[in-house]
Amino acid sequence: MVSRVIPVEVFDLVIFGGTGDLARRKILPGLYRRFLAGQMTGDSRIIGAARAEMDDAAFRKTVAEALEEFVPEKHRDPATVRDFLSRLHYVAIDAKGEGGWSALKALMRPDVVQAFYFSVAPALFGDLALRLKSHGIAGEEARIVVEKPFGRDLATARALNTTLAQHFEERQIYRIDHYLGKETVQNLMAVRFANILFEPLWKSEYIDHVQITVAETVGVEGRGAYYDKSGAMRDMVQNHIMQLLCLIAMEPPYHFDPDAVRDEKLKVIRALDPVAPEDIVRGQYLAGGGQGSYLDHSENPTSRTESYIAMKVHISNWRWKGTPFYLRTGKRLRARASEIAITFREPPHSIFDDAKGWRENVLVIRLQPDEGMNLMVMIKEPGPGGMRLMQVPLDMTFADALGAEHAETPDAYERLIMDVIRGNQTLFMRGDEVEAAWAWTDPIIGGWEARGDKPQGYDPGTSGPEDALMLMHRDGRRWRDIR
Ligand code: NAP
């Protein structure tokens, strides 16, 4: 099977923060891989912008180093790397000052796609938007890409939306949630809406519960100061996990079209019930395994920021009334694993006398470490001795099922940047979606801040705090193992 690469239009992509960590680790290596795949055609150019003074040659050198670090050697043919680097330029610009903008204007071509990636601190988004307009650089069709975090509560997200809207129309604004760029996440829509098999069962009548897990083995390490103002709820649940939940729970959109998809996701967020305090468990990792605790990495020795959260969430609509969604995410856990598990209900009646081996059907959609799907089904245990049941997985590991051509699927950032160039907003969050997600999140965070709730300590290398297990046990259910 041959992977199809559809070249995108010629573009000028400006990366504000082009020398930063995200640009070096994800954006520039991702663009290189798209170049290698033949998707970046013609004389498309990438323009790095940051305050540091340097010329094109110095910028190219920093990017060459980044490629060496983040792109496997087998993909770094010297001639291809040279060709890619020759498309890079650099302009020294301070988002808060007026210098450098006329040089950028002189570089930009009005007759190609113009995209501006804001890979800088969110506090600078407004300055960049203002200056791109006041210097007459961004045209009517220009696109801006904004990184997370998009606000830290409803008020700040609203303020940011208002600021950006003063200079750009919604159709020009691409709010990145890189989870939406993952192959499996998009496959969730293909599985649901391109097969007749699942959709008739996709409701509370047949689905007992849904689990969404995003588990990390790493701690906060060098990001302690940033993370302390965020926590698992703001950093993971309000955006990534919320997006996964929306894709599982949404009604079929009338078309795979940006606003049709986003309208349906928005309806899910608006149908989320407030969460009762007893349905939330917050945790903070302790020291162990030769590594420091969360507090050792925080600048605040009495920090109450959670590095783990588990919660039970209800969606109040016809489809989902009675089917809880259990969400959990945390750092320094036993394994790095992200998955969605949809557990179906028992058949209404068992015809088998000995149903000991019976287990629920579970559809598991894995996002990390390897992307794929498993459907757990019941079969007869092989051999004589009567009818005994056993559960087996129908396994579809994409790398195995699709062959070598697809063994390395594009990274989420690569796919999303190409979507920006194509002008396709389907996999980007709309302003009203982000605000609705904060409107649901704010009272939850406000509640524990008002009560002074402290997160529970948990040992690193485990599956999280004890109380998180109880959250499921008391409903007669259990979390899937994190492996
Ligand atoms: P970073 O490593 O601190 O880099 C910041 C970049 O912005 C540098 O290139 C810096 O260069 C430039 N910059 C800083 N102040 C500037 C100014 N006043 N005008 C113009 N450029 C300025 O940050 P990062 O980790 O790459 O993160 C960038 C954005 O992505 C942030 O919004 C972050 O929340 C988001 N994000 C990052 C990650 C990640 O893995 N790193 C993941 C998700 C989201 P100079 O100092 O030379 O100006």
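For the structure given in this document, a descriptive report is provided here. (Residues numbered from 1 in each chain as written. Predicted model: local features only at pLDDT ≥ 70, side-chain atom pairs only at ≥ 80, totals over all residues. Heavy atoms only, no water.)

### Digging into the pattern of salt bridges
Side-chain pairs of opposite charge can arise where the charged atoms are in close proximity. To be explicit about the condition: A carboxyl oxygen of Asp or Glu within 4 Å of a side-chain nitrogen of Lys or Arg is what we treat as a salt bridge. Where helices and strands are cited, they refer to DSSP runs of H or I of at least four residues and of E of at least two residues respectively, numbered from the N terminus. Only protein chains enter the accessibility calculation, which uses a 1.4 Å probe. A residue is then buried if its area is under 20% of the maximum for its type, exposed if over 50%, and partly exposed in between.
Tallied over the full model, the rule gives 41 salt bridges. One salt bridge connects Lys267 with Glu264, and the closest N-O pair in it is separated by 3.2 Å. Separated by three residues within a single helix, Lys267 and Glu264 lie in helix H10 (residues 258–270), roughly one turn from each other. Among the ionic pairs, Lys265 bridges to Glu433, the shortest N-O distance being 3.1 Å. With a gap of 168 residues between them, Lys265 in helix H10 and Glu433 in helix H14 (residues 431–451) connect regions that are remote in the sequence. According to the relative accessible area criterion, Lys265 is buried, its value standing at 1%.

### A look at the pairing of strand S3 (residues 88–92)
In plain terms, the rule: Paired strands, as defined in this entry, are two strands with at least two bridges between them according to DSSP.
Buried residues dominate S3, accounting for four of its five residues. Relative to S3, strand S2 (residues 45–50) runs parallel, the two being bridged by five bridges. Note on S3: the bridge partner recorded for Ala50 is Ala92.

### Digging into the pairing of strand S8 (residues 280–285)
Most of S8 is tucked away, with six of its six residues classed as buried. Burial along S8 is two-sided: Ile280, Arg282 and Gln284 facing one way and Val281, Gly283 and Tyr285 facing the other are all buried. One ladder, built from four bridges, connects S8 with strand S9 (residues 308–313); its direction is antiparallel. Bridge pairing in S9 links Val281 to Ala310. Pairing of S8 with strand S15 (residues 456–458), which is carried by three bridges, proceeds in the parallel orientation. Its bridge partner lying in S15, Gly283 is registered against Gln456.

### Let's talk about the packing of helix H7 (residues 183–193) against helix H9 (residues 231–249)
The condition that has to hold: The angle between two axes is taken between their N-to-C directions and runs from 0 to 180 degrees, where each axis is a line fitted to C-alpha atoms and a helix contributes only its stretch in contact. The labels follow the angle: roughly parallel below 35 degrees, roughly antiparallel above 145, roughly perpendicular from 65 to 115, and oblique for the rest. Contacts were defined at the residue level, with two residues in contact if any of their heavy atoms lie within 4.5 Å. Charged means Asp, Glu, Lys or Arg here, nonpolar means Ala, Val, Leu, Ile, Met, Phe, Trp, Tyr, Cys or Pro, and polar covers whatever is left, Gly included.
One way to put it is that H7 packs onto H9 with a least axis distance of 9 Å and a crossing angle of 10°. Of the possible angle classes, the one that applies to H7 and H9 is roughly parallel. Contacts between H7 and H9 involve Val185, Leu188, Met189 and Arg192 from the former and Leu244, Leu247, Ile248 and Ala249 from the latter. When grouped by side-chain class, the residues that make up the contact of H7 with H9 number seven nonpolar, no polar and one charged.

### Concerning helix H1 (residues 21–36)
Definition in use: The span one expects for a helix is its residue count, reduced by one, times 1.5 Å. Fitting axes to the seven residues that end at a residue and to the seven that start at it, the angle between those axes gives the bend at that residue.
For H1, built from 16 residues, the straight-helix expectation of 22 Å at 1.5 Å per residue is met to within 8% by its first-to-last C-alpha distance of 22 Å. Where H1 bends most, the angle comes to about 30°, and this point is Ile27, followed within four residues by the proline Pro29. Leu22, Ala23, Ile27, Leu28, Pro29, Gly30, Leu31, Tyr32, Arg34 and Phe35 are the residues of H1 that are buried. The inward-facing, buried residues of H1 contact strand S1 (11–16), S2, helix H2 (56–70), helix H3 (78–85), strand S4 (113–118) and helix H13 (412–422).

### Section: unusual backbone geometry
Residue Pro149 is bonded to the preceding Lys148 through a cis peptide linkage, with omega at 0°. With respect to the helices, strands and loops of the structure, Pro149 is situated in the loop between strand S5 (143–146) and helix H6 (154–167). Cis geometry is found at the peptide bond from Gln368 to Pro369, where omega equals 0°. Considering the arrangement of structural elements, one finds Pro369 in the loop between strand S12 (362–368) and strand S13 (372–380). A positive phi is found at Glu221, a non-glycine position, where the angle reads about 35°. In this fold, Glu221 is placed in the loop between strand S7 (207–215) and helix H8 (224–228). One non-glycine residue, Arg332, adopts positive backbone phi at about 55°. The topology assignment puts Arg332 in the loop between strand S10 (325–330) and strand S11 (337–344). Looking at Arg332, the relative accessible area reads 9%, which means it is buried.

### A look at the site of the ligand
Which entries qualify depends on this criterion: When at least one non-hydrogen atom of a residue lies within 4 Å of a molecule or strand, that residue is treated as near it. Polar contact is the term for a pair of N or O atoms within 3.5 Å; when the atoms are in protein, one must be able to donate a hydrogen and the other to accept it, and sequence-neighboring residues count only if both atoms are side-chain atoms. All accessibility values rest on the Shrake-Rupley procedure with a 1.4 Å probe; residue burial counts only the protein chains present in the view.
Taken together, 20 residues form the shell around the ligand, and within it Thr19, Asp21, Arg25, Arg51 and Val120 come nearest. Residue Gly20 places a main-chain N or O atom 3.0 Å away from an oxygen atom belonging to the ligand. One of the backbone nitrogen or oxygen atoms of Ala52 is found 3.0 Å away from an oxygen atom of the ligand. Protein chains shield 73% of the accessible area of the ligand, which is 880 Å² for the free molecule. A per-class count over the shell around the ligand returns ten nonpolar, four polar and six charged.

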